[in-house]
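# Structural overview for review
Take a look at the letters that make up each chain.
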Amino acid sequence: MTQTLAQMAVEVLTTADGREKTALSRKHAATWFAARDAGEDIPLGKAEPPLRPARPEKPELLDPRDVPRRRPGSPQGRIAILHAVAHIELNAVDLHWDIIARFTDTPMPIGFYDDWVKSADEESKHFNLVCDSLEAHDSHYGALPAHAGMWRAAEDTAGDFMGRLAVVPMVLEARGLDVTPGMIEIFEKAKDSQTVEALKVIYAEEVGHVAYGSKWFHFLCGRHDKDPKEVFHDLVRRYFHGPLKPPFNEEKRAEAGLPPDFYWPLAN
């Protein structure tokens, strides 16, 4: 019997190993798009996503204040950056499948599911690219401790669809657009072409993920006849802990449908 899309999402969320989780994610995305191309839509269905996704035993998850800081100029520092990026990408895979499974009670156009399945597929690719880079440096995902707070935004917005769209793609993923150019520079200086190529793929595709967030956030605001900017400010103040941190990549944010008057009023 064919799985529903929500069942596929929960299967990814309940798979612990990173490489296995992302292989399953890519397989389900391929199944979804093959069916779409053939004109045979897979039903959305309903399934109960876990409040927290399954995770491997390593990395050890620490309070953000306890994660050791390392200088990016050293090989160890660059491995630490890659490890942090791998952790972010793995959380992103789960965040995108979670938004599919968690909010099935809100009717959405099929394009919404196309966008988030595509995003989950791309985040899965990103995780593997970064893991390949780590392994090229004789390390691996799980070798260092990681940030325990990464899933907090998902838990805080588990009952608020618009809150989830505001905080995850439009704040957290938009932050990736701000910091990735600096990371690319660090690895260019280190002449690490494999990592530079991986980060360039991530940078190009993250713009699309922020854009999906903005598009569907505006769609829901239109459905409820609400002012998107006011709602965004209200939700980010409610669910995001602390001010947004400049400098902002205004050009890429604009490309993703995020104008400055959305985020500057929330900056410190």
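Scroll up for the structure.
Residues numbered from 1 in each chain as written. Predicted model: local features only at pLDDT ≥ 70, side-chain atom pairs only at ≥ 80, totals over all residues. Heavy atoms only, no water.

## As for the overall build of the protein
Scanning the protein for helices and strands turns up 10 helices and two strands. What you see for the protein is a C-alpha radius of gyration of 18 Å, in line with the 18 Å of a compact globule of 268 residues. Oriented by its inertia axes, the alpha-carbon framework of the protein measures out at about 50 × 45 × 30 Å. The proportion of buried residues among the 268 residues of the protein is 50%. For the protein, the computed accessible surface area is about 12,600 Å², with 53% contributed by carbon and sulfur atoms. The protein carries 32 positive and 42 negative side-chain charges, and their two centres are separated by 4 Å. (Helix = DSSP H or I, 4+ residues; strand = E, 2+ residues; numbered from the N terminus. Rg over C-alpha atoms; globule rule 2.2 N^0.38 Å. Buried < 20%, exposed > 50% of the residue type's maximum accessible area, 1.4 Å probe, protein only. Areas by Shrake-Rupley, 256 points an atom, 1.4 Å probe, with all protein chains shown as cover. Lys, Arg positive; Asp, Glu negative; His and termini not counted. Charge placed at Lys NZ, Arg CZ, Asp CG, Glu CD.)

## Let's talk about empty space enclosed by the protein
Summed over all chains, the structure comprises two cavities of 30 Å³ or more. The space that makes up the largest cavity amounts to roughly 50 Å³. Lining the largest cavity are Leu 95, His 96, Ile 99, Trp 116, Arg 164, Val 168 and Pro 169. Its boundaries defined by the atoms lining it, the second largest cavity holds a volume of some 30 Å³. (1 Å grid on protein atoms, 1.4 Å probe; cavity = no way out; pocket = protein on both sides within 12 Å on 5 of 7 lines; lining within 4 Å. Points joined across faces, edges and corners; volume = space filled by probe spheres on them.)

## Details of the layout of surface pockets
The calculated volume of the largest pocket comes to roughly 2,000 Å³. What lines the largest pocket is a set of 49 residues, and nearest its centre among them are Ile 88, His 147, Met 150, Leu 172 and Arg 175. Broken down by secondary-structure element, the contributors of at least two residues to the lining of the largest pocket are α3 (75-102), β2 (146-147), α5 (152-156), α6 (161-189) and α7 (193-223). Looking at the lining of the largest pocket, its residues break down into 29 nonpolar, nine polar and 11 charged. (Nonpolar A, V, L, I, M, F, W, Y, C, P; charged D, E, K, R; others polar.)

## Examining the packing of aromatic side chains
For the structure shown, the criterion picks out 12 aromatic pairs. Measuring from ring centre to ring centre gives 5.0 Å for Phe 112 and Tyr 113, while their planes differ by 90°; the resulting arrangement is edge-to-face. In this structure Phe 112 comes out as buried when scored by relative accessible area, which is 1%. According to the relative accessible area criterion, Tyr 113 is buried, its value standing at 5%. Taking the centre distance of 6.0 Å and the plane angle of 80° together, the rings of Trp 116 and Tyr 212 count as edge-to-face. Of this pair, Trp 116 sits in helix α4 (residues 110-136) while Tyr 212 sits in helix α7, and the two are 96 residues apart along the sequence. (Phe/Tyr/Trp six-rings, centres within 6.5 Å; stacked < 30°, edge-to-face > 60°.)

## Some thoughts on the side chain of Ser 133
Within the secondary structure layout, Ser 133 lies in helix α4. Sequence-distant contacts of Ser 133, defined by excluding residues within four places in its chain, comprise Leu 82, Gln 194 and Thr 195. (Contact = heavy atoms within 4.5 Å.)

## Brief notes about the pattern of salt bridges
Considering all chains together, one arrives at 22 salt bridges under this definition. Arg 55 is the partner of Asp 94 in a salt bridge, and the nearest nitrogen-oxygen pair spans 2.7 Å. Residue Asp 94 is located in helix α3, and its partner Arg 55 is located in the loop between α2 (18-37) and β1 (61-62); the two are separated by 39 residues in the primary sequence. We classify Asp 94 as buried; its relative accessible area is 0%. The partly exposed category is assigned to Arg 55, whose relative accessible area is 22%. Note that Asp 178 and Arg 175 form a salt bridge whose closest N and O atoms lie 3.9 Å from each other. Taken as a pair, Asp 178 and Arg 175 lie in helix α6 at a separation of three residues, close to a single helical turn. Accessibility expressed as a relative area gives 14% for Asp 178, which makes it buried. Its relative accessible area of 34% is what places Arg 175 among the partly exposed residues. (Salt bridge = Lys/Arg side-chain N within 4 Å of Asp/Glu carboxyl O.)

## A short note on the environment of Phe 112
Turning to its location among the elements, Phe 112 is positioned in helix α4. When neighbours within four sequence positions are excluded, Phe 112 is seen to be in contact with Ile 99, Phe 161 and Trp 216.

## Describing the environment of Met 170
Within the secondary structure layout, Met 170 lies in helix α6. Overall, the relative accessible area of 1% leaves Met 170 in the buried class. With 10 residues separating them along the chain, Met 170 and Asp 160 place their C-alpha atoms 15 Å apart.

## Some words on α2
Given a rise of 1.5 Å per residue, 20 residues ought to cover 28 Å, and the 28 Å separating the end C-alpha atoms of α2 matches this to within 8%. Residues of α2 that are buried: Gly 18, Lys 21, Thr 22, Leu 24, Ser 25, His 28, Ala 29, Trp 32 and Ala 35. Along α2, the residues classed as buried sweep out an arc of 160° about the axis, all on the same side. Facing away from the buried side of α2 by over 90 degrees, the exposed positions are Glu 20, Lys 27 and Asp 37. The inward-facing, buried residues of α2 abut α1 (5-13), α3 and α4. (Expected span 1.5 Å × (residues − 1). Arc of directions from axis to C-beta.)

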